[in-house]
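Coordinates in review
Take a look at the letters that make up each chain.
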Amino acid sequence: MAERAARRCCLGWDFSTQQVKVVAVDAELNVFYEDSAHFDRDLQEFGTQGGVHVHEDGLTVTSPVLMWVQALDIILERMKASGFDFSQVLALSGAGQQHGSVYWKAGASQVLRSLSPDLPLHKQLQACFSISDSPVWMDSSTTAQCRQLEAAVGGAQALSCLTGSRAYERFTGNQIAKIYQQNPEAYSHTERISLVSSFAASLFLGSYSPIDCSDGSGMNLLQIKDKVWSRVCLAACAPHLEEKLGSPVPSCSVVGAISSYYVQRYGFPPGCQVVAFTGDNPASLAGMRLEEGDIAVSLGTSDTLFLWLQEPMPALEGHIFCNPVGSQHYMALLCFKNGSLMREKIRDESASCSWSEFSEALRSTEMGNGGNLGFYFDVMEITPEIIGRHRFSAENHKVPAFPRDVEIRALIEGQFMAKRIHAEGLGYRVMPKTKILATGGASHNRDILQVLADVFGAPVYVIDTANSACVGSAYRAFHGLAAGTDVPFSEVVKLAPPPRLAATPTPGASQVYEALLPRYAKLEQRILSPTQGPPE
Ligand SMILES: O=C(CO)[C@@H](O)[C@H](O)CF
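Scope of this entry: the structure provided in the associated data block.

**As for the sheet that holds strand E8 (residues 133-135)**
The sheet built from three strands is open, its strands ordered E4-E5-E8 with antiparallel pairing. Looking along the sheet, the strands with just one partner apiece sit at the ends: strand E4 (53-54) and E8. Relative to strand E5 (residues 61-64), E4 runs antiparallel, the two being bridged by two bridges. The residue bridging His53 from the neighbouring strand is Thr62, located in E5.

**With respect to the site of the ligand**
What surrounds the ligand is the set Thr17, Gln97, Gln98, His99, Trp137, Arg170, Asp280, Asn281 and Leu333. Gln98 is positioned with one of its backbone polar atoms (N or O) 3.2 Å from an oxygen atom of the ligand. Contacts to the ligand include Asp280, whose side-chain N or O atom sits 2.8 Å from an oxygen atom. Surface burial for the ligand is 86%, taken as the share of its 290 Å² of free accessible area covered by protein chains. Looking at the shell around the ligand residue by residue, the class counts come to two nonpolar, five polar and two charged.

**Digging into the packing of helix H17 (residues 404-425) against helix H21 (residues 509-528)**
When two helices pack together, their arrangement is given by the angle between the helix axes and by the axis-to-axis distance. Taken N-terminus to C-terminus, the directions of H17 and H21 make an angle of 85°; their axes are 10 Å apart at the nearest point. Between H17 and H21, the interaxial angle falls into the category roughly perpendicular. Only Tyr513, Glu514, Leu516, Leu517, Tyr520, Ala521 and Glu524 of H21 make contact with H17, whose side of the interface consists of Arg409, Glu413, Gly414, Met417, Ala418, Arg420, Ile421 and His422. Residue classes in the contact of H17 with H21 are distributed as eight nonpolar, two polar and five charged.

**Observations regarding the nonpolar core**
Core analysis: the biggest nonpolar cluster contains 87 residues, and Leu221, Leu241 and Leu245 have the highest contact counts within it. If you tally residues by element for this core, the top one is H17, at 10 residues. Not counting residues up to four positions away in its chain, the partners in contact with Leu245 are Ile176, Arg192, Ile193, Ile211, Met219, Leu221, Trp229 and Leu234. By size, the runner-up hydrophobic cluster in this structure holds 53 residues, among which are Phe15, Met67, Leu72 and Leu92.

Cut-offs and rules
Residues numbered from 1 in each chain as written. Predicted model: local features only at pLDDT ≥ 70, side-chain atom pairs only at ≥ 80, totals over all residues. Heavy atoms only, no water. Pairing = 2+ DSSP bridges. Helix = DSSP H or I, 4+ residues; strand = E, 2+ residues; numbered from the N terminus. Near = heavy atom within 4 Å. Polar contact = N/O pair within 3.5 Å; in protein donor to acceptor, adjacent residues only side chain to side chain. Areas by Shrake-Rupley, 256 points an atom, 1.4 Å probe, with all protein chains shown as cover. Nonpolar A, V, L, I, M, F, W, Y, C, P; charged D, E, K, R; others polar. Axes fitted to C-alpha atoms, helices over the stretch in contact; angles between N-to-C directions. Parallel < 35°, antiparallel > 145°, perpendicular 65-115°, else oblique. Contact = heavy atoms within 4.5 Å. Core = buried A, V, L, I, M, F, W, Y, C linked by side-chain atoms within 4.5 Å. Buried < 20%, exposed > 50% of the residue type's maximum accessible area, 1.4 Å probe, protein only.

Here is the structure:
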């Protein structure tokens, strides 16, 4: 077989809800290898659905930690069998589904440090976890713990100001509190608690990896301004928690060299650097190469905004995390539940189930829709908490219906005005250099993207984010190699393929939406507090 040319590279891992995935990225930032192990398909003995077990209470959701370990074994063995040249791997980093937690049993660190290269990981780590079914982000069984935590710090807004979010059931501090309260023996036998991200990094390190500040911001435990654990929050969740968590580190930290286990079993170079793993969303922000002033809009079943923030304004909605690639900056996530399912419903009702008719309606109606405004929430919306459809005429009178074309534009303009208003509520500001990066199903519709560009007054680019968490992790591994040189992340990734320009603001758009946005915000408040009189 022809000798393969040596190809220096970095690996990017993603321990996500449904699979473990890896990409190899070369020095020109080309992805030249990818593989994944799908939990439901490749590890059927664990009996998961969508990578998880939903418990009988309908609230508790967990994943077997040894399934994650075995998935890594599968991928590494496949890479080895395919002839992948591990000796060319300069560094690796990775991502994990946010908020999930792993409970290492007393003595596990010794096992991690002395792994035998003759055996796969899962054969050696069988007895290393005090909790075998890790709680994951889909869990919503900790409402009581959320209220206890908010009470301990002076309320929901106080907790948000301190940690970047009000208490959420999936956030790790509340999950740890539940385990301490309901399984104190397992908690007392736990010598280390990792996030999924730092757990995965620990497997490569052969010792406990610290939690990075960005993923650590998803725990309701980290003071996002000082980047240290909040002692009040720790004490409110469980005793001796700080020693079980270890100290958080900046996300760009090199946390050590790869364990000798991988050198001996797979041929990694002894100097292969491990860069702190982080959450899947922070890693995706890195993969999308978001920069100051940019906003990423993932238009999927639910719509998710990724924001780059310099001056965060923590609120009772959304989540503010330490930024994974700009250590003095922040990022925010905002989730809008009524996303593509709402767009498809209005398409079916008002465009005869046809996207081309839907697009034609957007093209044939004017920016601003003649002053007509609509709110479309067929399921309870998260941002803000509203349900139902609410239509208003230019005179702010509630109306029961709009003509078909007006309905379609009212839906799309309303969805994007809500995004801009709530993003600005968290401290986001459109800047002259702002780029909007669109991804997800609806980003293939150019007419929808035109409305997005008009509402934000900024150009819209489309990007493929299928592997964004993995690719972002590989980029962060390259950035880790420059650790200590002050080379900015943006410099490290400048060779990456640029996003494609899809839409620029229509002339006059800013005048139209500068006038509409405050009206939309006032009407939203009117729906939220119906006792209030009509907006002036
Ligand atoms: O809970 C979330 C973010 O807060 C999800 O996006 C998980 O990170 C998905 F793994």
